[in-house]
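Topology and contacts: notes
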Amino acid sequence: MAGVQDKLKAELMVEIYASIDRIYDSIEQHFDLDEIRRTTVIKSLNTLKDELYFVVSTTSLS
(Lines give C-alpha, C1' and ligand atoms only; values in the text may rest on other atoms or scores of the structure.)
Protein backbone atom coordinates (compact mmCIF):
# COMPACT_ATOMS: atom_id res chain seq x y z
CA MET A 1 0.00 0.00 0.00
CA ALA A 2 2.88 2.36 0.71
CA GLY A 3 4.04 2.00 -2.90
CA VAL A 4 0.70 3.21 -4.22
CA GLN A 5 0.71 6.16 -1.81
CA ASP A 6 4.27 7.06 -2.80
CA LYS A 7 3.33 6.99 -6.48
CA LEU A 8 0.28 9.18 -5.87
CA LYS A 9 2.36 11.62 -3.85
CA ALA A 10 4.96 11.81 -6.62
CA GLU A 11 2.25 12.52 -9.19
CA LEU A 12 0.76 15.18 -6.93
CA MET A 13 4.13 16.85 -6.53
CA VAL A 14 4.63 16.97 -10.30
CA GLU A 15 1.20 18.55 -10.68
CA ILE A 16 1.75 21.02 -7.83
CA TYR A 17 5.19 22.07 -9.10
CA ALA A 18 3.80 22.55 -12.61
CA SER A 19 0.99 24.71 -11.21
CA ILE A 20 3.45 26.87 -9.29
CA ASP A 21 5.55 27.26 -12.44
CA ARG A 22 2.42 28.34 -14.34
CA ILE A 23 1.72 30.92 -11.62
CA TYR A 24 5.20 32.34 -12.09
CA ASP A 25 4.81 32.38 -15.88
CA SER A 26 1.49 34.19 -15.55
CA ILE A 27 2.99 36.80 -13.24
CA GLU A 28 5.87 37.32 -15.69
CA GLN A 29 3.45 37.78 -18.60
CA HIS A 30 1.07 40.18 -16.89
CA PHE A 31 3.22 42.30 -14.61
CA ASP A 32 6.24 44.46 -15.24
CA LEU A 33 8.39 43.48 -12.26
CA ASP A 34 11.65 45.09 -11.34
CA GLU A 35 14.52 42.73 -10.53
CA ILE A 36 14.06 42.98 -6.75
CA ARG A 37 10.35 42.11 -6.96
CA ARG A 38 11.03 39.30 -9.46
CA THR A 39 13.63 37.83 -7.11
CA THR A 40 11.21 38.09 -4.19
CA VAL A 41 8.47 36.33 -6.15
CA ILE A 42 10.84 33.53 -7.17
CA LYS A 43 12.04 33.09 -3.58
CA SER A 44 8.46 33.00 -2.30
CA LEU A 45 7.37 30.43 -4.86
CA ASN A 46 10.44 28.31 -4.10
CA THR A 47 9.61 28.52 -0.39
CA LEU A 48 6.09 27.36 -1.21
CA LYS A 49 7.51 24.42 -3.18
CA ASP A 50 9.78 23.53 -0.24
CA GLU A 51 6.91 23.68 2.25
CA LEU A 52 4.65 21.58 0.07
CA TYR A 53 7.41 19.03 -0.47
CA PHE A 54 7.83 18.79 3.31
CA VAL A 55 4.09 18.29 3.83
CA VAL A 56 3.85 15.65 1.12
CA SER A 57 6.93 13.78 2.31
CA THR A 58 5.91 13.72 5.98
CA THR A 59 2.15 13.29 5.82
CA SER A 60 -0.04 10.38 4.77
CA LEU A 61 -2.71 10.85 2.14
CA SER A 62 -6.28 11.02 3.38
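Note that this is a predicted model, so its numbers are computed, not measured. (Residues numbered from 1 in each chain as written. Predicted model: local features only at pLDDT ≥ 70, side-chain atom pairs only at ≥ 80, totals over all residues. Heavy atoms only, no water.)

Re the pattern of salt bridges
Selection rule: Any carboxyl oxygen of Asp or Glu within 4 Å of a side-chain nitrogen of Lys or Arg constitutes a salt bridge here. Secondary structure elements follow DSSP: runs of H or I no shorter than four residues count as helices, runs of E no shorter than two count as strands, and numbering proceeds from the N terminus. Only protein chains enter the accessibility calculation, which uses a 1.4 Å probe; a residue whose area is less than 20% of its type maximum is buried, one above 50% is exposed, and one in between is partly exposed.
Applying the stated criterion to the full structure yields 3 salt bridges. When the shortest N-O distance is used, the salt bridge between Lys49 and Asp21 registers 2.8 Å. In this pair, Lys49 is assigned in helix H2 (residues 35-58) and Asp21 in helix H1 (residues 2-30), connecting sequence segments 28 residues apart. Among the salt bridges present, the one from Arg38 reaches Glu35, with a minimum N-O distance of 3.2 Å. Taken together, the positions of Arg38 and Glu35, both in helix H2 and 3 residues apart, correspond to about one turn of that helix. The exposed category is assigned to Glu35, whose relative accessible area is 54%.

The values are spatial; any link to function lies outside them.
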